[in-house]
Amino acid sequence: MKYLDEFRDPVAAKSLVEAIRRSATRTWTIMEVCGGQTHSIIRNGIDQLLDGAVDFIHGPGCPVCVTPLEMIDRALEIASRDDVIFCSFGDMLRVPGSKQDLFSVRARGGDVRIVYSPLDATRIAAENPDKNVVFFGVGFETTAPANAMSVLHAKRLGLTNFSLLVSHVLVPPAMTAILSAPTNRVQGFLAAGHVCTVMGTSEYGPLVEKFNIPIVVTGFEPLDLLEGVRQLVELLEGCHKDGRSAELRNAYPRAVTDTGNTVAQQALADVFVVTDRQWRGIGMIPQSGWTLSPRYAEFDAELKFGVGHLEVQESSECHAGEVLQGLLKPNECPAFGTTCTPRNPLGATMVSSEGACAAYYQFRRLESSANV
Amino acid sequence: MCLGIPGKVIDIWEESGTRMATADFGGTTKTVCLAYLPDMEIGEYTIVHAGFALTRLDEVSANETLQMFAELGFLDEELAGTEGQSSRETA
Amino acid sequence: MSEAGQVDPANWVCPLPLRETKRIVMGHGGGGILSEELIENLFLPAFGSSGGPSRDSAVLNVLGGRIALTTDSYVVNPLFFPGGNIGDLAVNGTINDLACSGAQPLALTAGFIIEEGLEMDVLGTIAQSMGLAAAAAGVAIVTGDTKVVGKGSADSLFINTAGIGVVPEGLRIGPEQARPGDHIIVSGNIGEHGVAIMSVREGIDFGTTMTTDSAPLHRLVAAMLNAVDDPNVIHALRDPTRGGLVAATVEIARTSGVGIELDEAKVPIPESVASACGFLGLDPLQVANEGKLVAFVDPAHSEAVLAAMRARPEGSAAVIIGRAVEAHPGMVVARTAFGTTRVVERELGEQLPRIC
């Protein structure tokens, strides 16, 4: 058992697709809120396989995409300083700010480095005591434990030159915002499996009850996604035909438990506090983000560098906001593939490897039928 | 960012009070931090994010899931053989 | 020591032997004595040259046919990586450019731009590797050039190799020759070179047993051409270096005006390449190869060509991975294991900078 190929088996995929088609009596509108799931759905053509039974709307599951413009501009300002080594995941480098991106800051001599873990950044801080090392802490609840540990680690080592620019976002408030919107078309949710391995599933029960909408915790491999959809369609059919009330289900039991990772949750509660957060393209969602607790203020890059309020300028042609809310499919956007391409992105959804627009562009389909 | 792939823990040691491990992702190995999985053991599988092991993969549960997929396949064959029936069967 | 009054030049020992200089200094690029000593004592012995007067360009006898000419610069970072270094890469890479035109490689040039301060041992090891690679391929390095630049003006070492070869009369292999219906063959596992380089790049830090696949392919191509009566049934050849399999096939698709269908399940990707690409977030189809080729072959003859490839060690894992089609000209479409399709697009820019 290697937990990879077994969950990509085409024969089992076929069975799952047929099971879904057998039970669906209409087209259901389903949303996933996880960039990794969006990517996997499009790359493997799961939306093609389920065409007619399921209409996927891709939610704001790409943390790179929803990082507020003001935060990007703040990062650019800090990265441009001579005494700063700015560390970030690779995805963030091409996200357009009001005027430029981190790549161009690097091209002009800024010390911007791609790292794979915040621990790489703390190591760089220890090795460069005369520089200020800043790590761009972006992501959902999945990457937050790593960032929390880097702060605890820095505190233990007494690293005064390390700080975190925090812009974490939380999934359940985003789902609440989407479901509360008058334009909402989503009938069922696939909940992000890896977020749930950290946080457990307890936050989703209240959403199911409040909005009477089924939610299925789902993984990333093709079979996991199909199984998540299968359970969701089953629940939706039950609600629709037999008037059963909505439920929460776990279709990723090998990785997700109800309680989640309690050690990680303790660290998160210690290092972060909940805050209101701007979601790029969507607007302000209350209590939807994490920022550093005042207990760890000395590691907060926003305080350390005192980058005050910045005037931000979003491209007027970019419809990323509507894409992120699921109101528009990427290929329905007038700029898609014309004025907005990975080479010249208007918005973050075209840049990030998990962005819906990038996924649609990279794996785009032929205009003619899927059967080549 | 959600990029977490399953790896097998093949070695565990301590480094300045923190448990570290080598995870094998099918021929590629990487050092990961076990701070969030204090009772992880050699031979077990985990999912790693940004250098940290966050999940222990449950083999029994995984096998049950795969078994369920296989049973769906048998169900397919049965239904294909009984074409014309429209009733839903419970697995 | 000789008797008094008799001096035997053969016994002279240079009072300033090269060995004492551990590092390259600016003077080695000056064109004077230091340059000459560097060439005579480091490069020539490594390349196995028999001496004779140095020339600006080498003149070679050519019997019939056309001449293929190619050049490539190698700026790979780091200089040494699992299974090879910048030197043998520079030899094999240029030989492969010749081979993919159907040419029999005749000779190579080697130009060096060296950063002041580079250790002599390092340069010597690289030169030795080049000599060995050239000998193994049966292709001579016949002329070259050396320049030294100040510290910071070049990252350790850059190498340019140009290659010259003979294309047999009537052979018309080229990226514009692919036709709908052609079978697309890849000569073996993909992604190995890129992963080997990434594993020793600073800051990435992962363990792998993967080594570069750098190898000369001219004998493989010769075997393919000999396997069929009319060699022109082999329409196009390309070595998928930077940009990987995707770049190679997209370029041929666009030049020939054909569409391409790839069968993802058939593309041979070793497990360690798949897993390294998995957590680095890379697509194996876009990762560089240095010892593989892609061939577009008339379908009536692909079995014969495939058999000839598999009979050679550098082609033992050769397999048909797709075909050229009339539809969607210039586009590559991959069929997934699930029967769904996706358009395969080239990477934008430096997914993996300084990979070769």
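Bear in mind the structure is a predicted one, so any value in this text is a computation, not a measurement.

Student: Can you help me understand helix H9 (residues 171–180) of chain A in this one?
Tutor: For an α-helix, 3.6 residues make a turn, and residues three or four places apart therefore share a direction. Buried within H9(A) we find A:Val171, A:Pro172, A:Pro173, A:Ala174, A:Met175 and A:Ile178. Considering only its buried residues, H9(A) is in contact with strand S7 (188–192), helix H10 (193–199), helix H11 (205–211) and strand S11 (283–292) of chain A.

Student: Please clarify how the interface of chain B and chain A should be interpreted in this entry.
Tutor: A common way to express how large an interface is: the accessible area buried when the components associate. Across the boundary between the two partners, chain B contributes 30 residues, which contact 40 residues of chain A. Mapped by element, the contributors of at least two residues to the side of chain B that touches chain A are strand S4 (45–49), strand S5 (52–56) and helix H1 (59–81) of chain B. When residues in the side of chain B that touches chain A are grouped by element, the largest group, nine residues, is from H1(B).

Student: Please explain the sheet that holds strand S11 (residues 294–297) of chain C as it appears in this structure.
Tutor: Within a beta sheet, neighbouring strands are joined by backbone hydrogen bonds and run either parallel or antiparallel to one another. Residues and elements named next belong to chain C. Strand order across the open sheet formed by seven strands is S9-S11-S7-S12-S10-S13-S14, with mixed pairing between neighbours. The open sheet is flanked by strand S9 (234–238) and strand S14 (341–344), the only strands paired with a single partner. Pairs of neighbouring strands in the sheet enclose a mean axial angle of 25°, with direction left out of account. The sheet contact formed by strand S10 (residues 259–263) and strand S12 (residues 319–325) spans four bridges and is antiparallel. Bridge pairing in S12 links leucine 262 to glycine 322.

Student: Would you mind showing me how to read the nonpolar core here?
Tutor: A general feature of soluble globular proteins is that nonpolar side chains tend to end up buried together. Counting residues in hydrophobic clusters, the biggest one holds 147 residues, and the most contacted among them are B:Phe52 and B:Ala53. Top element by residues in this core is helix H12 (residues 222–242) of chain A. It accounts for eight residues. Beyond its immediate chain neighbours, meaning those up to four positions away, B:Ala53 contacts B:Ala21, B:Val32, B:Cys33, B:Leu34, B:Tyr36, B:Leu37, B:Met40, B:Thr46 and B:Val48. Within the second largest apolar cluster, 89 residues are counted, among which are C:Leu108, C:Ala178, C:Val221 and C:Phe296.

Student: I'm lost on the interface of chain B and chain C in this one. Help?
Tutor: At the junction of the two partners, chain B supplies eight residues and chain C supplies twelve residues. Of the residues contributing to the side of chain B that touches chain C, the split by class is three nonpolar, four polar and one charged. Pairing analysis gives two bridges linking strand S3 (residues 28–33) of chain B to strand S8 (residues 207–208) of chain C, with the strands arranged antiparallel. Paired with B:Thr29 across the strands is C:Gly207, a residue of S8(C).

About the cut-offs
Residues numbered from 1 in each chain as written. Chains lettered and ligands numbered in written order. Predicted model: local features only at pLDDT ≥ 70, side-chain atom pairs only at ≥ 80, totals over all residues. Buried ≥ 20, exposed ≤ 12 C-beta atoms within 10 Å, placed from the backbone. Helix = DSSP H or I, 4+ residues; strand = E, 2+ residues; numbered from the N terminus. Contact = placed C-beta atoms within 7 Å. Pairing = 2+ DSSP bridges. Axes fitted to C-alpha atoms, helices over the stretch in contact; angles between N-to-C directions. Core = buried A, V, L, I, M, F, W, Y, C linked by C-beta atoms within 7 Å. Nonpolar A, V, L, I, M, F, W, Y, C, P; charged D, E, K, R; others polar.

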